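One letter stands for each residue in the lines below.
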Amino acid sequence: MGRATLVHQHCAESSRGKPRIGACIALRKNHVTDTGTVSFGCAAPKCVYQETNCINMSWVCRMEFCLIMDRPRKFSPVWNNFDLVTPNKVKCRLCSTELSYINKSTSSMLRHYRARHGNEELADTRESTPVPNKQAVDEAVVNMIIKDCQPLSFVENEGFRELLKLIVPSYALPSRKTIKDLVSQRYEEEKEKTKKDLQSAVAVTLTADMWTSMNMEAYLAVTGHYVDKESHELHSSVLAVQHFPQKHTAENIATVKRSLMEEWGIAGKVRCLVTDAAANMTACARMLQIRHTICIAHSLNLIVRKSCDQIPTMTEIRNKTRHIVTYFRSSVTAKEKLTQIQQQLGTPGHKLINEVPTRWNSTYQMFERMTEQKEAVWVSLALLKPGITPLTPEECQIIEEMLRVLVPFDQATRELSEEKRVSGSKVIPMMRMLHIELQRQATTVTQTAAQQLAENLRKRLTDAICGIESLSVMTLATLLDPRFKKNGFVSQQKASEAVKRLQSECAEEMRSQEPDPREGEPSSSHGSEPSSGHNLWKTFDMEVAETQKTRNATADSIIEVQRYLAETNTPRNQDPLQYWKWNQNIYPHLHQLALKTLCTPSSSVPCERVFSKAGELVCKRRNRLGAKTLEKLLFLNKNS
């Protein structure tokens with residue numbers, strides 16, 4: 001129970017002690033009780049009904065007092081701008097408007113204050129919560145829809161509207177059409193920002209892939225990768241996810257990509273195009289006259305898949321394992337029994353994984369999970385007796401040895417699929433390490449199927465390495481990565497050829513930065529120029545100057561490259577782009593080549609990640625989503 005003292009205005013000085021003052025709302029006067037104190041038990045934060053005798057008056061006043069409590073309590077800051085006139089009515093101190101006060105709710109006061117006095121701060125001498133403005137809440141709603149892949153109609157959901165009404169009662173939620181307009185506005189702003197970043201970049205590498213939605217609509221995705229020349233950080237941006245209704249011919253794909261490059265202002269900056277091994281994508285790169293490299297993730301997938309398919313024993317074990325996994329994933333009884341056995345054996349409660357025929361790593365994951373759960377699977381099948389033959393101990397041993405052979409490929413696939421770090425320069429060194437690891441694993445496995453797998457992988461990997469070490473994009477990236485340089489190559493002959501190619505590129509870079517010899521024509525050393533102004537030796541002098549320029553650039557490039565290669569390699573966990581940021585003044589021409597080369601990703605996985613997000617957007621709840629709106633939402637989701 002709180003306590004307070006009420007003091008008459010002209011009696012305050014004569015009162016004993018230091019009584020605290022409370023205002024009488026009804027008469028706008030101050031009163032003091034005959035006892036000096038007033039007890040109350042009202043739960044209201046400021047006011048209480050009391051019947052007291054006023055010492056300085058001859059009558060008893062029944063009224064409502066605003067009391068200052070001995071123990072402070074939390075109250076809404078809106079009371080600093082309102083007075084309680086009657087138990088059911090309040091009055092605004094700023095504009096004298098009277099409002100209803102029912103059930104001790106301050107909602108009407110808050111709405112009035114924000115509507116009439118929104119530009120004035122809500123004064124609060126105690127704890128207060130800032131009220132966000134409408135524009136900030138609108139932006140937050142748009143961000144939620146973009147990041148969480150929510151439908152635009154989410155703002156019309158009853159539960160969401162009730163939630164916002166509870167949190168921000170005065171906020172008017174925008175309509176679906178308004179949200180769509182806000183998304184379009186944000187798209188245009190982000191597009192202009194991305195376009196400026198791309199146009200300021202030294203070079204850009206594109207990745208592209210095709211996708212078909214659940215509505216059987218084809219889309220072409222294109223992503224751009226570049227290095228910021230100021231911060232030397234690697235950036236990736238989605239440039240387009242365009243509806244592609246026409247035939248998937250190389251000519252049609254090239255036309256769309258050419259249009260995109262012109263739209264983004266990077267037609268002369270595209271350094272390389274990374275795609276899968278499809279014939280139309282390869283032909284498209286030739287038509288655009290852009291260097292082309294095949295996605296290393298697809299290359300590894302083909303190497304492992306074809307190597308596995310050549311082993312009948314492994315094919316039989318795969319089919320058997322897939323049959324077991326399908327049974328446990330399709331039967332409720334089997335699934336519950338497996339969970340029960342896992343708990344009894346203390347095995348991790350993981351679900352079995354089924355393979356996807358087009359992805360070798362799904363086969364690896366299926367075998368890995370089956371090896372982990374083999375005891376629980378054996379016991380469950382023995383109790384259920386479904387007529388399915390379990391894996392034998394010998395087959396489980398074959399699986400374990402094959403996993404040892406395949407684990408380096410799984411690690412390489414994961415590492416080469418990164419977007420945030422330089423990956424193109426890792427391809428050749430990674431292939432070399434896979435080759436070394438295969439040779440080591442071949443001496444440790446004892447099962448015939450595992451030995452055959454290791455041998456098949458070694459042969460196919462050797463052929464792939466020979467082709468990759470001949471690609472100028474990959475070889476230059478490896479040499480310009482200070483972590484690898486020539487040490488990343490399997491063939492030292494290929495490494496020497498790559499060094500010569502780097503020297504040639506460096507010389508070309510030097511010549512492009514030197515002034516044109518025609519800008520300052522040399523004067524004749526013998527005799528004076530004819531009065532007609534015609535110089536007979538002009539062409540000869542220009543040829544000599546161009547030859548001298550070529551000789552100087554070639555010699556200087558050799559020196560710069562040799563100095564760089566002679567340095568000690570940097571640690572493997574160091575960012576190569578930061579190395580070039582620190583050494584751009586020491587190797588200025590190699591620095592420019594590094595910015596052009598190290599932006600190339602090793603795979604087209606960035607496009608596949610865009611399509612994974614597109615699959616979340618195009619679903620049964622929003623199967624009528626327009627192609628333009630889909631592109632805007634994906635662009636903002638991946639680029640914001």
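Above this text sits the structure in question.
On a predicted model such as this, the values are computed, not experimentally measured, just so you know.

Rules behind the numbers
All residue numbers here refer to positions counted from 1 along the written sequence of the relevant chain. With pLDDT at 70 or above as the cut-off, local features in this predicted model cover only qualifying residues; side-chain atom pairs require 80 or more to be listed or tallied, and sums for whole chains, interfaces and linings still use all residues. Working from all heavy atoms in the structure, the side-chain values ignore hydrogens and water. The criterion for strand pairing is that DSSP finds at least two bridges linking the strands in question. Starting at the N terminus, helices and strands are each numbered in turn, a helix being any DSSP run of H or I of at least four residues and a strand any DSSP run of E of at least two. Convention adopted: a line fitted to C-alpha atoms gives each axis, helices being fitted over their contacting stretch, and angles between N-to-C directions are expressed from 0 to 180 degrees. Contacts are assigned to residue pairs that have any heavy atoms within 4.5 Å of one another. Exposure classes here rest on a 1.4 Å probe applied to the protein chains alone. A residue is buried below 20% of its type maximum, exposed above 50%, and partly exposed in between. Note that the arc is computed from the directions linking the helix axis to the C-beta atoms. Cavity: a set of points on a 1 Å grid over the protein atoms alone where a 1.4 Å probe fits but cannot get out. Pocket: an open set with protein on both sides within 12 Å along at least five of seven lines, its lining residues, like those of a cavity, having an atom within 4 Å of a point. Grid points are joined across faces, edges and corners, and a volume is the space filled by probe spheres set on the points. The classification used treats Ala, Val, Leu, Ile, Met, Phe, Trp, Tyr, Cys and Pro as nonpolar, Asp, Glu, Lys and Arg as charged, and all other residues, Gly among them, as polar. Comment on the angle field: the value is read as roughly parallel under 35 degrees, roughly antiparallel over 145, roughly perpendicular from 65 to 115, and oblique elsewhere. For any pair of crossing helices, the crossing counts as left-handed if the nearer helix is rotated counterclockwise from the farther one by less than a right angle, and right-handed if it is rotated clockwise. Classification of ring pairs rests on two measures: the distance between centres of Phe, Tyr or Trp rings, Trp counted by its six-membered ring, which must be within 6.5 Å, and the angle between planes, read as stacked under 30 degrees, edge-to-face over 60 and tilted in between. Only when the NZ of Lys or the CZ of Arg is both within 6 Å of the ring centre and within 35 degrees of the ring normal is a charge said to sit over the ring.

(A) The sheet that holds strand β8 (residues 98-100), seen in detail. Spatially, three strands are ordered β6-β7-β8 in an open sheet, and the strand pairing comes out antiparallel. The two strands at the open ends of the sheet, each matched to only one other strand, are β6 (82-86) and β8. Neighbour-to-neighbour, the strand axes of this sheet turn through a mean angle of 35°, independent of strand direction. Here β6 pairs with strand β7 (residues 89-92) via four bridges, running antiparallel. Paired with phenylalanine 82 across the two strands is cysteine 92, which belongs to β7. Running at roughly 140° to β8, helix α1 (residues 107-116) makes contact with β6, β7 and β8 of the sheet.

(B) Spotlight on helix α11 (residues 374-384). Residues of α11 that are buried: Lys374, Ala376, Val377, Ser380 and Leu381. Considered in projection along α11, the buried side chains sweep an arc of 155° and stay on one side of the axis. Elements in contact with the buried residues of α11: α8 (312-330), α9 (332-345), α10 (360-372) and α12 (393-416). Downstream of α11 by one or two residues, lysine 385 has phi in the positive range, about 50°.

(C) A look at the layout of surface pockets. In this model, the largest pocket occupies a volume close to 620 Å³. If you go around the largest pocket, you meet 21 residues; those closest to its centre are Ala297, Arg359, Asn361, Val605 and Glu608. Mapped by element, the contributors of at least two residues to the lining of the largest pocket are β9 (204-212), α7 (296-309), α10, α12 and α20 (605-617). Looking at the lining of the largest pocket, the element that brings in the most residues is α20, giving five residues. Residues belonging to the lining of the largest pocket are distributed by class as follows: six nonpolar, eight polar and seven charged.

(D) Highlighting the sheet that holds strand β11 (residues 234-243). Strand order in the open sheet formed by five strands is β11-β10-β9-β12-β13, with mixed pairing between adjacent strands. Sheet topology places β11 and β13 (291-294) at the edges, where each strand pairs with a single neighbour. Looking at each pair of strands side by side, their axes are set apart by 25° on average, direction ignored. For β9 and strand β10 (residues 218-227), the ladder comprises eight bridges, and the chain directions are antiparallel. Looking at the pairing, threonine 212 lines up with alanine 218 of β10. Taken strand by strand, helix α5 (residues 250-264) contacts β9, β10, β11 and β12 (270-275), and its axis lies near 125° from that of β11.

(E) A look at the packing of α7 against helix α14 (residues 448-468). α14 packs onto α7 with a crossing angle of 150° between their chain directions and a minimal axis gap of 9 Å. Taken together, the axes of α7 and α14 lie roughly antiparallel to each other. Relative to α14, the crossing made by α7 is right-handed. Within the contact between the two elements, α7 uses Ile296, Ile303, Val304, Lys306, Ser307 and Cys308 and α14 uses Leu453, Asn456, Leu457, Arg460, Leu461, Ala464 and Ile468. Of the residues in the contact of α7 with α14, the class split is nine nonpolar, two polar and two charged.

(F) Broad picture of α1. Met109, Leu110, His112 and Tyr113 are the residues of α1 that are buried. The arc that holds the buried residues of α1, viewed along the axis, is 165°, so those residues lie on one side. In this structure, the buried residues of α1 make contact with β6, β7 and β8.

(G) Representation of the packing of aromatic side chains in the model. Throughout the structure, instances matching the rule amount to 13 aromatic pairs. Consider the rings of tyrosine 327 and phenylalanine 328, whose centres lie 5.3 Å apart with planes at 70°: the pair is edge-to-face. Among the aromatic residues, those joined into a ring-pair cluster are Tyr564, Tyr579, Trp580 and Tyr587. The residue whose ring lies beneath lysine 191 is tryptophan 264, and the NZ or CZ to ring-centre distance is 5.7 Å. Cation over ring: lysine 485 sits above tyrosine 564, and NZ or CZ is 4.5 Å from the ring centre.

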